[in-house]
Amino acid sequence: MFSKPAEVSASMITGQLNVGVGNMRRKSFLNWPAKKVGYLKKYTTEKNIPVISKILDQDAGQNYGDDSYDPRNKIITPEERRKMRLEQLDTEKKQGREAEQYMNQQELLKLLEGLNEELSEAWNVTNDRVKSLKIVIKCSKMLATNLVPQFYPSMFVLVSEVLDTFGRLVHTRIREKSSTIDPITNRVTARLPTKFTSADVSEDAKEMCRNWFYKVASVRELIGRLCVEMSLLACHEYLLPEDKKQAALDKEVSRLIRSIRGIGDPLVANYCRLYLARKIQDHIPTLSFENRSSLYHDMMESIYKQSLSPLETIDRINHDVIYQMNVPGQYIDLFVPCIDYISETMGKECQDETQFTFILEKYQNTNWRDAVFLNALIRSFDAKLISTNILNIVQLCKVANDQTCAKHILYASLGQKLCASSPPQNVKLEVLNEIWKVVTKIESLNDYLPISNVFMEFVCKNFSLKQVNILVNDLYKHILQSSTSTSSSDASSSSSNGIEHLQQEIQNVLLTLFEHLPIGETIIQVFHMDHLMNIFDLLKLSFQLQVSQSILKIISIRKMTFDDPVVLQSIFDLAKSIHDSINPLTPKSTQDEISNLLIRFITAVRFNTFNNTRFEKELNFMVECRRHFHHFDSIKSHLVQNTLKIINDLNVYLNRKHSKKTIDFIKACVAYCHVTIPSIDDQLIRCKLYLLTSQFCAQNHLLAQCDVLIKQSIQTLFEIPLVVMTTTTTTTTNNVDHEENNNNNGMIVEVIKSTSDQIINVVMILINTLISLPNHPEHGVLYLIRGLVKVINDFPFPKSNCAKLKCLVAVITYLNCKSQFKLPFGFVNQMDELFMEDEQVESECLTVGNRILDEIVNQLQDLELISDLDPFTIKKRGEVILELINELCFGCDLNREMIDLIVELFKKSNQIVEWKRFGDGIKRAVMVESGVAVGGGNSRLTIQEQNQYKQGLVLLFNKIHDE
Amino acid sequence: MNLDIVIKKADRTFFPGEKVRGVVRLTSKSETKHGGLKLQADGEVAFQYTGSSNMNVFDVVMNSFKPIKLIEFVTDLAPAGKIPEGVTEIPFEFVLKNQLYETYHGVYLSVRYKINVDMKMGIFTRDIKKFAEFVVHNPGQGYEQGMELKKEPREFVMSPSSLQNVKRNLITSVPEYKISGRLSTTRCDLSEPFEGELKVESTAVLIKSIELQLVRVETCSVAEGGSSIKEATEIQNLQIVEGNPIKNVNIPIYMVLPRLFTSPFLMGNNFKVEFEANLIVLFENGHQITENFPIHTYRRPRK
């Protein structure tokens, strides 16, 4: 209800790591169902509860509504009344406690549940309204007996349930009465709309409603009458016209509030107030603030005058009850549900400064200033109101009597409000000083830590690291004190034992600190704080890990630079400890989380020197990382990529003007990659990284390294284990996951579905890279591509798959490209001129090309043998064939033999897919392209040759046409 | 065969001079013969006696007190004939006299208005008889000019010294107490609740309960000026304090005056109905004290 955007986002951030703070702030505000469960658990008893046996007896209840039993029809003269009274006194004396029956908690619970069911049944099944009312009055009579106060709140919860049911039943019954019914068919023709005024309600329904009110007003017992009246509060809407509604309801509620004063037992009275507050919240949300505050005031007065004052002056001698409780605070604790809820109903409607100060003054002006009330006030009112009146409230907190509600709870509530809304700038520091003067005196670490946690957030949000430092020092002092005090009192336990059970709490404080680190402060300064690391060292390993993670997180969010090697080293140690906490039993999700965290940390680390030593530092850092974070492929792959990025950064920094020294540095980087890559388990990633590195080498003219890397990538390609996908559309394996992880971090972008596809992908990149590289100086022109072809041939591609075909066609593309005069692109400009004219190149290309063509034809024949290909593969094959034709037309001599082959291929593609499915467009494109290739594109052909090609082409067209 | 009297007004309440409308609804499973349908509206002030005590005194009064007819209206709704199968509705209406007493259900006296419907059947079947009561409100009854404007609050203080009916020498044995308060008025408009407040200022013995009792006082006499009887009986008793309340806090006295059982001040030639309120304080030790307030009830005239 009060959630402001700022508060929501705060709890969202805290929600992840730090459940202790913030998250709980508003969950239970005016939320009865949530509170109810808590109360039932909290207020229990072992004792037996006396229940007046009359209540249990079905027939002995009062017979309301039944005319023959109506006391108003009986003749009771004053004399008779007196006689009855004497008789009653006699029987009371005689029976004494005999009239009571004892039940334990469970039995009572069952009884009330039973009554609730019985009520619904009497109402709905047997249509016995009189019996229903009797049951309800019986139940509310139970509220009047308070002999086991410990259990009273729970009993109230249960009885109020019955009352709620009753209120609901009456309400719906009147509502139904107001719907129009067709007299002939008995069907409902129109219902009362959800939003209605009393003018819409039928006379019959109104009369029924009035009848209920008259009936209820004549219930004899005060508590029973009030309870039923409150449960029917919602029904007033049927009678009151819109213009008078508000005033009339205010008047009615005001009367109820005052009538409750007639109940002597404070516990009973205040639970009645609680029920009234609930009904107000449910049905009269527009109730005036005056009424809300007078309800509150009544409650306060009743608790003070009847329970909190010294025993001699207590109005009602409720001593036996109070004495049953060992501590006075324990008795007051029974009122907490009332105080909470009633304060909240008041706080909900109070947006006004003057109203709040009015309440505050009222609290101030009474002689009793108990923390239990102040706490409820702080928790119930809007954080803004609290923070604007903060100086006053801080003073009140100081003088509050903490017998009823411990100081630490009070200050924790205050802190939460301050976190949600900052006090005015000019008083902030004063407020903090005032509060901390008190808080620092709290000795029990148990009580101190929650406050420390809350105020850590407050201080972080509002102050600088200086104040945070003071807070941390204070925390450290407290921890030390508590551990020494326990170790001195209990010599056998070790010194850290004192904070054993508080580890979680201490961890939370640290988490909060990092979560809300003041903006503009770097992590370095945090590490320079006096005692932070000392506290950290006191934690157990598992808690340390949590804290470390949050530190790394904040680093990756804030993108910090590191000048200080010491701090870097300590943070690095934290990262190391996180990494080392991984073992084979760690769940995969945690592993992923940690590896992501580490990667983000590595990326975030920056060195702030503006000369080239920065690059060396970065490389050193990479070396360091590799040494320590060996567990994850993803991290290692990231390290390689990061190193390559260093090369890139350096290039940018030097504007590509390298000296010997810088070239050596690049070589060192490449060497780092070369050494790191083999340690990665996943062959595919390895292969890709090799390729990537080789591209960087080519870019930086490191041809020897490049050669080696490419060779290695080809070798690795062969090692990739084959994963066969059954359906190629939507399948995910670990491989895919892995790929996606990589995606997050940068350089490899495609999402790849199966190994075959991935290999095609790699082969494409490889061939692409090869085009730009010069030929091998020692092993001949096509040394590397031959190796690749070999791998492709030997690779155990699945039989029913076009992957191999596709790779081979790609090789032909490569050959086509290589045999041109000028390369389309390249890192080394002069190289193509060195080899292009070479006869040897052309012949080699030819031989290799022919061999591959044979291989392709074989493959196609193999594929044809397989009868049950899935349509997807068939389509793929068609595409590959068309691509091949394209390549052939483009780059080959169109001699008769070749044309025959092309025609044959066309036929094949025909068999595989009908022409239509390819579309005329593609067909024509292929033809036109082949025509252009023959016609003008390739200037090497003589006119004679061109003619020859043209003839071949015409022949080709004809042949195709014939088909 | 089923006979119902349906009065066409949800609260069945009418004012003098008003027209009473309704239908007699006959639900029949088969066509039925009957010997005529008659409706009779009655209104009377009657003396009644249901108890058993004081037989002798009442005998005299009862025998000599003749019911006073207020209205009498008879009409034939349908001549002898046949009622068809299914639901048959026969409407009726009659106008009330201008001078009537308000409905009152008391112990000895009552003012009642009824509609009787009588259906004659054949010789071997029992006649079908049904009656329905309706309520008459009589604005202005018990009212004097300007009554609702001049509210006279009635202050009271209850303490041992204010006790009556106690032997003077015993008064010292009564524990000390002081309860003060006020009633907002003792002239009660019946449509408004009876209101006031009280305050426990001091008490030596714990209070067990405080109750507000509404009492009717009915007076009948044989003839004007003749021997009469006067009886006070309880109408209802509401608890307003349970247990010992906080001192010096205003606790409301509040009672919704019940319908039918209360009426405006009623005065006839040989009968009278008045009302009283009693505040009864019960102490833990068994003591009981009562403070009596006569109240005058009226029905505010219609504008």
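Small disclaimer: the values here were computed from a predicted structure and weren't measured.

### Some points on the overall build of chain B
Counting its secondary structure elements, chain B contains one helix and 21 strands. When the backbone C-alpha atoms are referred to their principal axes, chain B occupies close to 80 × 40 × 40 Å. Across the 303 residues of chain B, 30% fall into the buried class. Counting contacts in chain B only where the partners sit at least 6 residues apart, residues at least 24 apart contribute 72% of the total.

### A short note on the environment of B:His34
The residue B:His34 is located in strand β4 (residues 32-34) in this model. For the pair B:His34 and B:Lys120, spaced 86 residues apart in the sequence, the C-alpha separation amounts to 5.9 Å.

### Describing the sheet that holds strand β1 (residues 2-7) of chain B
Residues and elements named next belong to chain B. One open sheet holds the three strands; their spatial order is β1-β3-β8, and the pairing between them is antiparallel. At either margin of the open sheet sits one strand with a lone partner, and together these are β1 and β8 (86-95). The mean inter-strand angle of the sheet, taken between neighbouring strand axes irrespective of direction, is 20 degrees. Taken together, the six bridges between β1 and strand β3 (residues 19-28) define a ladder with antiparallel strand orientation. Note that in β3 the partner of Leu3 across the bridge is Leu26.

### Overview of the confidence of the model for chain A
For chain A, mean pLDDT is 73; residues scoring 70 or higher make up 70% of the total. Below a pLDDT of 50 lies the segment residues 1-25 of chain A, which in the model reaches 31 contacts outside its immediate sequence neighbourhood of four places, other chains included.

### What to know about the environment of A:Phe156
Residue and element names in this part refer to chain A. Relative to the assigned elements, Phe156 resides in helix α7 (residues 152-177). The exposure class of Phe156 is buried, given the 26 C-beta atoms found within 10 Å. Distance in space between the C-alpha atoms of Phe156 and Cys272 is 8.8 Å, their sequence separation being 116 residues. Discounting chain neighbours no more than four positions away, the residues touching Phe156 are Leu143 and Tyr271.

### Let's talk about helix α8 (residues 203-217) of chain A
Residue and element names in this part refer to chain A. Spanning 15 residues, α8 covers 21 Å between terminal C-alpha atoms, matching the ideal 21 Å at 1.5 Å per step. If you check which residues of α8 are buried, you get Ala205, Cys209, Trp212 and Val216. Seen from one end, α8 has its buried residues packed into an arc of 55 degrees, which puts them on one side. Check the buried side of α8 and you find it contacts α7 and α9 (222-231).

### Observations concerning the interface of chain B and chain A
Counting residues at the interface gives 33 residues for chain B and 36 residues for chain A. Broken down by secondary-structure element, the contributors of at least two residues to the side of chain B that touches chain A are β17 (228-242) and β18 (251-255) of chain B. Among the elements that make up the side of chain B that touches chain A, the one with the highest residue count is β17(B) (twelve residues). Considering only residue class, the side of chain B that touches chain A consists of 17 nonpolar, ten polar and six charged.

### Notes on the confidence of the model for chain B
All names here are of chain B. Confidence in the prediction of chain B, expressed as mean pLDDT, is 85, and 92% of residues score 70 or more. The secondary structure element of chain B with the lowest average pLDDT is helix α1 (residues 55-64), at 60, and the one with the highest is β18, at 93. ipTM for the predicted complex: 0.91, alongside a pTM of 0.71.

### Things to note about the sheet that holds strand β15 (residues 194-203) of chain B
All names here are of chain B. The strand order β12-β13-β15-β18 describes an open sheet built from four strands, whose pairing is antiparallel. Edge positions in the sheet fall to β12 (154-158) and β18, since each has one partner strand and no second. Adjacent strand axes in the sheet meet at a mean angle of 20 degrees, parallel and antiparallel pairs treated alike. Bridge analysis of strand β13 (residues 177-183) against β15 gives seven bridges, and the strand direction is antiparallel. Of the residues in β15, the one forming a bridge with Lys178 is Ser202.

### Points about the domain arrangement of chain B
Residue and element names in this part refer to chain B. The assigned domain composition of chain B is domain 1 (2-136) and domain 2 (154-298). A separation of 37 Å is found between the C-alpha centroids of domain 1 and domain 2. Contacts between the two partners involve 16 residues from domain 1 and, on the opposite side, 15 residues from domain 2. Elements supplying a minimum of two residues to the side of domain 1 that touches domain 2: β5 (37-47), α1 and β9 (104-105). Of all the elements, α1 adds the most residues to the side of domain 1 that touches domain 2, at four residues.

### Notes on the packing of helix α30 (residues 613-628) of chain A against helix α31 (residues 633-654) of chain A
Residue and element names in this part refer to chain A. Close contact between α30 and α31 brings their axes to 10 Å; oriented N to C, the two are set at 170 degrees. When the axes of α30 and α31 are compared, the pair comes out roughly antiparallel. Together, Phe615, Glu618, Leu619, Met622, Cys625 and Arg626 of α30 and Lys636, Leu639, Asn642, Thr643, Ile646, Asp649 and Leu650 of α31 make up the contact between the two elements. Its residues assigned to classes, the contact of α30 with α31 shows seven nonpolar, two polar and four charged.

### Concerning unusual backbone geometry
Residues and elements named next belong to chain B. Of note in the backbone geometry, Asn248 takes a positive phi value of approximately 60 degrees without being a glycine. By the element assignment, Asn248 lies in the loop between β17 and β18. According to the C-beta neighbour criterion, Asn248 is exposed, with 12 such atoms within 10 Å. Its identity is not glycine, yet Leu260 carries a phi of approximately 65 degrees, on the positive side. Mapped onto the fold, Leu260 is located in the loop between β18 and β19 (266-267). By C-beta crowding, Leu260 is classed as partly exposed, having 17 other C-beta atoms within 10 Å.

### Re the environment of A:Thr189
Residues and elements named next belong to chain A. Mapped onto the secondary structure, Thr189 falls in strand β4 (residues 188-190). Exposure remark for Thr189: the 10 C-beta atoms within 10 Å place this residue in the exposed category. Considering only alpha carbons, one finds Thr189 and Val427, 238 residues apart in sequence, at a separation of 65 Å.

The rules behind each value
What you see as residue numbers is a count from 1 along each chain, following the sequence as written. Both sets of labels track the order of writing: A upward for chains, 1 upward for ligands. Given that this is a predicted model, residues contribute local features only at a pLDDT of at least 70 and side-chain atom pairs are listed and counted only at 80 or more, while totals for whole chains, interfaces and linings are drawn from all residues. Going along the chain from the N terminus, every DSSP run of H or I of four or more residues is numbered as a helix, and every run of E of two or more is numbered as a strand. Here the C-beta atoms are placed from the backbone, and a residue counts as buried if at least 20 other C-beta atoms lie within 10 Å of its own, exposed if 12 or fewer do, and partly exposed otherwise. C-beta atoms are first placed from the backbone for all residues, and any pair lying within 7 Å is then listed as a contact. Think of it this way: DSSP has to see at least two bridges between two strands before they count as a pair. Fitted lines through C-alpha atoms serve as axes, helices being fitted only where they are in contact, and the angles separating the N-to-C directions of these axes extend from 0 to 180 degrees. pLDDT expresses, on a scale from 0 to 100, how confident the predictor is about each individual residue. For a helix, the expected span equals 1.5 Å multiplied by the number of residues minus one. Relevant arc is that of directions from the helix axis to the C-beta atoms, nothing else. Asp, Glu, Lys and Arg are counted as charged, while Ala, Val, Leu, Ile, Met, Phe, Trp, Tyr, Cys and Pro are counted as nonpolar; the rest, among them Gly, fall into the polar class. Delimitation of the domains relies on an automatic or database domain assignment. Throughout, the term roughly parallel applies to angles under 35 degrees, roughly antiparallel to angles over 145, roughly perpendicular to angles from 65 to 115, and oblique to all others.

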